[in-house]
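# Remarks on the overall topology
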Amino acid sequence: MSASAGQHAPSLYAASAKGDTPRPALQDATRADVCVVGGGFTGISTALHLAERGYSVIVLEAERIGWGASGRNGGQLHSGQRRDQDWLEKRCGMETARRFWSMAEEAKALVKDRIAKHAIDCDWMPGLIHAVHKPGWVAEEQEAAERLSRDYGYDEISMLDRDALASAIGTDVYHGGYRDAGAGHLHPLNFVLGMARAAEDAGVRIFETSGVTKIGDGSPAIVTTAQGEVQADTVVLAANGYLAGLEPATEARVMPINNFILATEPLSEAEADALIPGREAASDSRFVVHYWRLTADRRMVFGGGETYSSRFPADIAAFVRNHMLKIYPQLSQARIEYAWGGTLAVTTNRMPYFRRPRKGLYVACGYSGHGVATANFAGRVIADAVAGDAERFDVFESLPMRPFPGGTLLRWPTLALAMSWFALRDRL
């Protein structure tokens, strides 16, 4: 299920999008203080934050607003960074680890605040359950929750033993877990569309079907599309898994991979209550993670399975359904009404990639499946840096980020081999 030019890929989100009005393509030469390349979470958030500071901003999107991972993901808003606090403490020290935690909390609050401030109708629902698929890992999760309470003052987590977890998520295949009341889930495409409307209200000019072919290195920079160009003092590259040669150093460190989701027909109230009575989202501890939630109209939205080439499975519904039925065999008769894939970007250490490759160019991408919170927060961090306060941008930029081995050609099979090993480890 691929998207035609200028159209969203067929998905539950596209079918239920609100206010998805097409915008014109850039047709001439124009000027702005800042040109943002990419109309997903990072780009739209950056544009809105900058416009609120008084900057003139143009957004260039190759397809439609939210066309990429921002409009196709699982819609889960997680606490913390993609790497846990133990990992961050060991590699960055306690002080920096605390900063990363504080910024992650700010990132969640930012999403919730934007929803409230701009009255974005995106089915926000609090609560996220983490399910542990190996019995030996339950104690580690308990220790991690205790560390968050003790060292970071985070008391939104409550532990669930095997029976309590089974009651919370309607399956007994996991060994324990926890509920995070401070996290939650939403309709991601409607969220980014609502943000785009807020950005336009603040004065941002958005052009769709305006793929960027070149970012000049002059000052000001010239950003070129097929039919026009933007002259800007500052350029923000927010294309995530769709860099397409625009910034080679970034592309070497940010790998696009594909992930897949299905949505069932609407379930009855009783069926939904038997699955997730509290309507939280859920995800598990696998490296190749399974994640799921019930929508406002009681559909099961389930994500599972990845591919590491440009190809999608011939039958996405069957591909994901195999994963879902291992967790929920009781859904074997549920009709699959939507199935889609999307491209996200991962880094070698699974932390986001923030860089200034040269003066006047900012890059943020590689959220590794944690983008609902972090990509939106990146917009605030970049806007602060453009305005002269780069302190938080510097924290992210200080993280070492090795390139993927094999260059742009051989990195695909290298990653596939590594990810296959992790997938095997998940099953053992």
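Residues numbered from 1 in each chain as written. Predicted model: local features only at pLDDT ≥ 70, side-chain atom pairs only at ≥ 80, totals over all residues. Heavy atoms only, no water.

## Notes on the pattern of salt bridges
Rules: Each salt bridge in this description consists of a side-chain nitrogen of Lys or Arg and a carboxyl oxygen of Asp or Glu lying within 4 Å of one another. Secondary structure elements are taken from DSSP: a helix is a run of H or I of four residues or more, a strand is a run of E of two residues or more, and numbering for both begins at the N terminus. Burial classes follow relative accessibility: with a 1.4 Å probe on protein chains only, a residue under 20% of its type's maximum area counts as buried, one over 50% as exposed, and anything between as partly exposed.
For the structure on display, the rule yields 28 salt bridges. Between glutamate 200 and arginine 23 there is a salt bridge whose closest N-O contact spans 2.7 Å. In this pair, glutamate 200 sits in helix H7 (residues 188–201) while arginine 23 sits in the loop between helix H1 (12–15) and strand E1 (29–37), placing the two residues 177 residues apart along the sequence. When its relative accessible area of 30% is taken as the criterion, glutamate 200 is described as partly exposed. A relative accessible area of 12% means that arginine 23 is categorised as buried. Here arginine 279 ties to glutamate 269 by a salt bridge, and the two come within 3.1 Å at their closest N and O atoms.

## A look at helix H10 (residues 316–327)
Residues spaced three or four apart along an α-helix face the same direction, because each turn holds 3.6 residues. To keep things clear, this is the line we draw: An expected span of 1.5 Å times one less than the residue number is assigned to each helix. By definition in these notes, contact holds between two residues if any of their heavy atoms fall within 4.5 Å. Polar contact criterion, stated in full: a pair of N or O atoms within 3.5 Å, where within protein one must be able to donate a hydrogen and the other to accept it, and residues adjacent in sequence count only if both atoms are side-chain atoms.
Under the 1.5 Å per step criterion, the end-to-end length of H10 is 18 Å for twelve residues, consistent within 8% with the ideal 16 Å. Within H10, burial applies to Ile316, Val320, His323, Met324, Leu325 and Ile327. Where H10 is buried, its residues touch strand E11 (255–264), strand E13 (291–294), strand E14 (300–307) and strand E15 (336–346). Regarding H10, its N-cap is aspartate 315, as a side-chain oxygen of that residue lies 3.3 Å from the backbone nitrogen of alanine 317 further along.

## What about the state of the cysteines?
Put simply, the test is: Only a pair of cysteine sulfur atoms within 2.5 Å counts as a disulfide in this structure description.
Taken as a whole and assessed by the stated rule, the structure comprises zero disulfides. Of all cysteine sulfurs, the one in cysteine 365 lies closest to cysteine 35, which takes part in no disulfide; the gap is 16 Å. Judged by relative accessible area, cysteine 35 falls into the buried class, the value being 0%.

## Topic: unusual backbone geometry
Peptide bonds are mostly trans, and most non-glycine residues show a negative phi. In this chain, serine 219 is followed by proline 220 through a cis amide linkage whose omega measures 5 degrees. Here proline 220 shows up in the loop between strand E8 (212–215) and strand E9 (221–225). At alanine 119, a position not held by glycine, the phi torsion is positive, near 50 degrees. Within the secondary structure, alanine 119 is located in the loop between helix H4 (94–117) and strand E4 (125–131). For aspartate 123, which is not a glycine, the phi torsion comes out positive at approximately 60 degrees. Turning to its location among the elements, aspartate 123 is positioned in the loop between H4 and E4. A residue is classified by how much of its surface remains accessible, and aspartate 123, at 34% relative accessible area, is partly exposed.

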